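# Residue-level structural notes
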Amino acid sequence: FPEVLHDGRRGVAGDFQEGWIGFSGMDSLLFSVTLNDKTLAQTFEVGFCHHPNDWVLMPENVEIQWSADNVVWSDWHTLRQLTTLQDLETDCLRTRWQYGFTKEDFKGKQKKGLRYLRMRIRCSNPLPVWHPYFGKPAWTMIDEITVKSN
């Protein structure tokens, strides 16, 4: 399944036949990403679907940490949600989450850049009280992960 997370094609909200990886009933997920080479990254971005009618909810929180050598790791850093939901109960859309790296992120052991990333996702599970199927397992749908460099 990793190819779908970096194939350059974004998933379409509500169409889960391609472009998405889904997880049902998970409280949290941990992904590891290995880049081909070290990079002084500018941004890290990931997409999630929010489609409550299909029991798919965006995560509560997304964090990343990185390493140049896979031994010494940065602290965890929270991604910013770029897409705003107007109505949590009815909106159906692809949400984008991003972390913007700064010069401060590449000091000390990380000064030559990063090659390894970990992404920790706190899922919205189970379905919340406002949902007609409150308490049932929710889905977390993930698509395109991108790391942009200079």
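Residues numbered from 1 in each chain as written. Predicted model: local features only at pLDDT ≥ 70, side-chain atom pairs only at ≥ 80, totals over all residues. Heavy atoms only, no water.

Glancing now at the sheet that holds strand β8 (residues 114-122). What the 4 strands build is an open sheet, ordered β2-β8-β4-β5; its pairing is antiparallel. Lying at the two open borders of the sheet, with one neighbouring strand each, are β2 (28-39) and β5 (77-78). Here strand β4 (residues 61-67) pairs with β5 via 2 bridges, running antiparallel. In the sheet register, I64 faces β5, and the bridge partner there is H77. (Pairing = 2+ DSSP bridges. Helix = DSSP H or I, 4+ residues; strand = E, 2+ residues; numbered from the N terminus.)

The next subject is the pattern of salt bridges. The final tally for this structure, using the stated rule, is 7 salt bridges. Ionic pairing is found between R94 and D143, a salt bridge with its closest N-O pair at 2.9 Å. In this pair, R94 is assigned in strand β7 (residues 93-100) and D143 in strand β9 (residues 139-149), connecting sequence segments 49 residues apart. Accessibility classification places R94 together with D143 in one group, the buried group. Each member of the salt-bridge network shares a partner with another, and the members are R10, E45 and R96. (Salt bridge = Lys/Arg side-chain N within 4 Å of Asp/Glu carboxyl O. Buried < 20%, exposed > 50% of the residue type's maximum accessible area, 1.4 Å probe, protein only.)

The next subject is the state of the cysteines. Going through the model one piece at a time under the given rule, you end up with 0 disulfides. Looking at the unpaired C49, the closest cysteine sulfur is the one in C92, lying at 5.7 Å. Here C49 falls in the buried class, since its relative accessible area comes to 0%. What makes C92 partly exposed here is its relative accessible area of 38%. (Disulfide = S-S within 2.5 Å.)

The next subject is the packing of aromatic side chains. Per the counting criterion, the structure on display carries 8 aromatic pairs. On the basis of an interplanar angle of 80 degrees and a centroid distance of 6.1 Å, the ring pair of F48 and W97 is categorised as edge-to-face. Separated by 49 residues along the polypeptide, F48 in strand β3 (residues 41-50) and W97 in strand β7 bring together distant segments of the chain. Judged by relative accessible area, F48 falls into the buried class, the value being 0%. Classification of W97 by relative accessible area gives buried; the value is 4%. Their ring planes at 75 degrees and their centres at 4.9 Å tell us that W66 and F101 sit as a pair that is edge-to-face. In this pair, W66 sits in strand β4 while F101 sits in the loop between β7 and β8, placing the two residues 35 residues apart along the sequence. Summarising the burial analysis for this pair, W66 and F101 share the class buried. The rings of W66, Y99, F101 and F106 are connected pair by pair, giving a single aromatic cluster. We note R120 situated over the ring of W76; from NZ or CZ to the ring centre the distance is 3.9 Å. (Phe/Tyr/Trp six-rings, centres within 6.5 Å; stacked < 30°, edge-to-face > 60°. Lys NZ or Arg CZ within 6 Å of the ring centre and 35° of its normal.)

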